[in-house]
Each structure stands twice: as C-alpha cells, then as structure tokens.
Amino acid sequence: MKYLSEYRDPKHAHGLVDRIREISTQRWTIMEVCGGQTHALLRSGIDEALSECVELIHGPGCPVCVTPASAIHNAIHLSMRPQTLVATFGDMLRVPGNHGSLLDAQAGKGNIKAVYSPMDAVQLARKNPEQEVVFLAVGFETTAPATAIAILQAAQLKVKNFSVLCSHVCVLPAMKLLAASKQNRVQGFLAAGHVCTLTGFEEYAGFVEQFQMPVAVTGFEPTDLLVGILEVVTQLEQQQANLINCYPRAVKRNGNHSARQICEQIFDVTNRRWRGMQVIPNGGLCLKSQWAAYDAELKFSLSDVDQQEIQTECRSGEVLTGTIKPSECSAFGNQCTPQTPLGAPMVSTEGACAAYYRYRNNNSD
Amino acid sequence: MAAWQQGNWQSGLHEHCKPTGAGEKTTMCLGVPGKVVGWIDRTPLFSKAEIEFEGVRKVCHMACVEDAEIGDYVIVHAGMAICRIDTQAALLQLDTLQRLFNSTGET
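These numbers come from a predicted model, not from an experiment. (Residues numbered from 1 in each chain as written. Chains lettered and ligands numbered in written order. Predicted model: local features only at pLDDT ≥ 70, side-chain atom pairs only at ≥ 80, totals over all residues. Heavy atoms only, no water.)

Colleague: Would you mind going over the overall build of chain A in detail, with residue names and values included?
Modeller: Counting its secondary structure elements, chain A contains 17 helices and eleven strands. For 365 residues, the compact-globule formula gives about 21 Å, and the C-alpha radius of gyration of chain A, at 21 Å, lands near that figure. Across its three principal directions, the C-alpha atoms of chain A cover 65 × 45 × 40 Å. For chain A, with 365 residues in total, the buried portion stands at 63%. Taking all contacts inside chain A whose residues are at least 6 apart in sequence as the whole, residues at least 24 apart take part in 78%. Summed over its atoms, the accessible surface of chain A is roughly 13800 Å², and 46% of this surface lies on carbon and sulfur atoms. (Helix = DSSP H or I, 4+ residues; strand = E, 2+ residues; numbered from the N terminus. Rg over C-alpha atoms; globule rule 2.2 N^0.38 Å. Buried < 20%, exposed > 50% of the residue type's maximum accessible area, 1.4 Å probe, protein only. Contact = heavy atoms within 4.5 Å. Areas by Shrake-Rupley, 256 points an atom, 1.4 Å probe, with all protein chains shown as cover.)

Colleague: An account of the side chain of E32 of chain A is needed here, citing residue identities and associated values.
Modeller: Residues and elements named next belong to chain A. Position of E32 relative to the elements: it lies in strand β1 (residues 28-34). Buried and without a salt bridge, E32 has K325 as its closest oppositely charged side chain, separated by 7.8 Å. Within the structure, the side chain of E32 is placed 2.5 Å from the side chain of H58, a separation counted as a polar contact. E32 has contacts with Q37, T38, L41, L56, I57, H58, G59 and L190, leaving out every residue within four places of it along the chain. (Lys, Arg positive; Asp, Glu negative; His and termini not counted. Salt bridge = Lys/Arg side-chain N within 4 Å of Asp/Glu carboxyl O. Polar contact = N/O pair within 3.5 Å; in protein donor to acceptor, adjacent residues only side chain to side chain.)

Colleague: Talk me through the sheet that holds strand β2 (residues 54-61) of chain A; I want residue IDs and the actual numbers.
Modeller: Within a sheet, adjacent strands bond to each other through the backbone by hydrogen bonds, running parallel or antiparallel. Residue and element names in this part refer to chain A. Taken in spatial order, the five strands make up an open sheet running β2-β1-β7-β8-β9, and their pairing is parallel. Of all the strands in the sheet, the pair left with one neighbour each is β2 and β9 (243-245). Taken pair by pair, the neighbouring strands of this sheet meet at an average axis angle of 20°, ignoring direction. (Pairing = 2+ DSSP bridges. Axes fitted to C-alpha atoms, helices over the stretch in contact; angles between N-to-C directions.)

Colleague: How would you explain the confidence of the model for chain B if you had to name every residue and give the values?
Modeller: Residue and element names in this part refer to chain B. Overall, the predicted model of chain B reaches an average pLDDT of 79, with 67% of residues at or above 70. Segment residues 10-26 is flagged for pLDDT under 50; beyond a separation of four residues in sequence, or across chains, it makes 37 contacts in the model. Counted against residues more than four places away or in other chains, residues 103-107, with its pLDDT under 50, gives twelve contacts. (pLDDT = per-residue confidence, 0-100.)

Colleague: Which residues make up the state of the cysteines, and what values do they have?
Modeller: Under the definition given, this model contains one disulfide over all chains. Between the sulfur atoms of C62 of chain A and its disulfide mate C65 of chain A the distance is 2.4 Å. For the disulfide bridge between C62 of chain A and C65 of chain A, the dihedral angle about the S-S bond is near 70°, and by the sign convention the bridge is right-handed. Judged on exposure class, the residue C62 of chain A and its partner C65 of chain A are both buried. For the unlinked cysteine C263 of chain A, the closest cysteine sulfur is that of C64 of chain B, found at 7.1 Å. Distance from the sulfur of C336 of chain A, which forms no disulfide, to the nearest cysteine sulfur (C314 of chain A) is 5.9 Å. On the accessibility criterion, C336 of chain A (7% relative accessible area) is buried. (Disulfide = S-S within 2.5 Å.)

Colleague: If you had to explain unusual backbone geometry to someone new, which residues and values would you point to?
Modeller: The backbone phi angle of Q83 of chain A is positive, close to 55°, even though this residue is not glycine. Even without a glycine there, the phi angle at L45 of chain B is positive, about 80°. Residue placement: L45 of chain B occurs in the loop between β1 (31-41) and β2 (48-53).

Colleague: Give a detailed account of the pattern of salt bridges, specifying residues and quantitative values.
Modeller: Residue and element names in this part refer to chain A. Under the counting rule described, the total for this entry stands at 17 salt bridges over all chains. Two residues, K288 and D268, come together in a salt bridge whose shortest N-O distance is 3.0 Å. Here the residue K288 occupies a position in the loop between β11 (279-287) and α14 (296-299), and D268 occupies one in strand β10 (residues 267-273), the gap between them amounting to 20 residues. Residue class for D268 comes out partly exposed when judged on its relative accessible area of 33%.

Colleague: So, the interface of chain A and chain B: which residues are in play, and what are the values?
Modeller: Opposite the 70 residues of chain A that make contact, chain B presents 53 residues. Carbon and sulfur atoms supply 66% of the area that chain A and chain B bury against each other, a total of about 5600 Å² over both sides. Broken down residue by residue, the surface that chain A buries against chain B is led by Y3, R43 and Y116 of chain A, which jointly contribute 15%. At the boundary of chain A and chain B, one finds one salt bridge. (Buried area = accessible area lost by both parts, 1.4 Å probe.)

Right, dumping it as structure tokens:
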C-alpha cells in the first residue's frame, strides 16, 4: 500500500464515472471546496468526463487566494522595518497586494524569506537574535496547528524575537455564507478532506441540517473525488441530505485530538475579511490574549488596515465564490498568466485560475 | 476531454507536490502521504521523524501524530504530519471498490 496509486486505478475511475452517469436524471451542481481538489479534478479530466451530469463549481478553499490585501500590506510594511525578517510559505511571495507582492518587496528593501514550516521561522529567530522574525501565518485549519506549535515552541525556548502575523481562516463559515447566498446554485458539497483530518466532521452535521444539502467529506485522488461525487449525486437523486465521510482512511469523526487541543490553547475564533469576499463571521483565527507577546499586530502596533482591493480587470472574487469559471474572466490568459498574475488564484498552487491555465488553456505547455 | 481519455490521473499526478529534499519547495497547501522510516526526536512538541515520499526522504514535524510508529503512513501538510493513515479503513474502502468494479487493482 502506498496510499496513492491504489486511488488512481483506471477501472475504479471509469466504473465510478459510468455509475454517476447512469444514476443522473439531471445535471447537478456540486462545489468542491478545496483548491487541491480543484486541481486534481482538472488534472484528471473528471470535470469534463462528468460534464453532462455534474457541474463542478470551484470553491474558495485556497488560503493563499483569500488572504486579504491588508495582510500582505502589513507583511511588506514589517519587512521594511530595520532588523526585521518576515518569513512565510513560498506560495505567498508572488501574491499581488495593492502595492506589489512580497517578492517585489524582497527585490527592494524588504527582508523576506520563504520557509517550509512556521517551526523553521522559530529556528530562524533563534539563530538571529538581533532580528525580529515575523511569520506571516496563512492557511486553513490544516496549517493552523503548525502555527500554534511554533508559538508553543517559542514560548518553551524563551524565544522573544518571534511573532506571528495571524491570517488563518476557517472553511465552514465560508461554506455557510455561500450556501446562504441568494445567488447560490450549489446543491451539494465535497468538503475539504484535509481540513476535516484536523477538525473532524461533526460540526458539518449542523450545516447539513440547516441547508438541507448533502455533504461528502472527500479526499484528493481521482477515486476519492469520484466516490464523493457519486455519494452526493446519489443523495440528490434520492432527495436526501446527509453527511458522509468518504475519506475514512484520513478523517475521523472528531479529527486529530492533539492538534485540536493545541489550537484551542492558542487561538480564538474571530471575524475575518476574505479576499474577494467579505468579512466572514467566525471566518478566521486570532491569537488568544494570553499570547499577545507573539502577536505581531500588537507587538508592532499595526493598524487593521481594511484596504479596499484595487479594481482591475481581475474577477477573482467571482471565481472564489464560484460565480464564474476562470476562463470567463476577460483578463484570463491575456493580461493574467502565472508569470504576470493579476489575482491570487492565478498565483497559488491551489488557485482555480492557475488550474485552468495549466490544464485547460490550449496555449499553455 | 483529453485529460480523461489519456488517463492523466495515472502518471506524474503528484510531481509538483512531492516534497523535495533540500526544502526549496515551500508550498504549503498540499497533503501528501508518506511512510515513517525513522524517529529523529520524540520530545513532545519538538518531535520529528524522517518520512519517505515515493523514494524521497524528508524530515517532518510530528507534534500532532506523536503516536505514529515506524512503518506507519502519515499525511504531511506544510512540513507537518496531520494524521496517521488508517490502514483498515483504507483496505475496506478499496475492497468495496474492487467488488463493485471487479478490478484487480494494485497492492
């Protein structure tokens, strides 16, 4: 068992596609929440194989894409500060802010370093005691535990020159916002499997109850995705709305107990602006007041600049809410490419625009 | 259409998300299964293990999966193991698929 090739068996994939086609009496609209799922669906061609019976709408589950311009603004501002180093994931460097990206800042006076994990940023702080090391923490519930562990490590090691610019987001509140929207067309959801690995899926029961839509906790390999889609289509055909775990090898009802405990120790839930969307109630995580010493916003008296996005031809907000497909944006593939991105979804490894450019753009390699 | 017909889900699917040895790949979002091949540190909160991803070995943080044993598979996300893979659940699901679609599959 490698837990990869077994879930790419063509017989299973074709069998599942045939089954979904057989049982569908109409074209259903299903949202895959996570950007990693979007890439896997487009890469494998599942979206096209099922196009007659399922429209897949790509959800906002790309944390790089939804990180607000204000977070990038604050990170750039800190990177220009004397004796200060901003560390973050490599994905974040090319994301355009209102006044350029972190990479642009790095080419100027900005002191910015890409790291593989927040714990690496703690090590940077230990090695460079003369510098303030600020970790720009982005990501869903999947990356939040690593940020929490980094803070606990810094506390235990008495590292005082480490802090976190916290921009973590929570996925379920965004799903609720989309489902409650008057424009909503989504009839069922593939929930993000790796988020549920940490959080569990119990809290999704309330969502299913409230919105009467089927939710399948779904993994990332072709078979995983097709099993999730088959489950949701089966329920829709039977006019049912249930919560089901289609990723049982990784997801348990209560999630990862250790990770949840660690996160509860460090974070409170807060309202958070998502890029391209709006302020989402309970849509983010912030540090609890007892960890204020590690909160870069407080440590460096950063104002919560509620920056309005600069208007460009980019329609990434509509892409993130599933209102349009990336190829419907007039800038797509012209002014906006992975080399010259106008919006975050074209930059990120999980962004829907990048997926369309890579897998659906005839001019791409 | 082309992707599906060509069976693009089969090969090179995860080329871009394979963690590279030197840590130059700093993307955070993708979770990848890997095998625990050796513990490096078992100090709570600081625990680390060597994980093998299709032949590539990398040191990963284990603070959220401290009970993993050598030989276990874990899913690694942003340099940190987020869960231990449940072999029984995996086998059960694959068995169901094989019975449904009469496939020999791979083991």
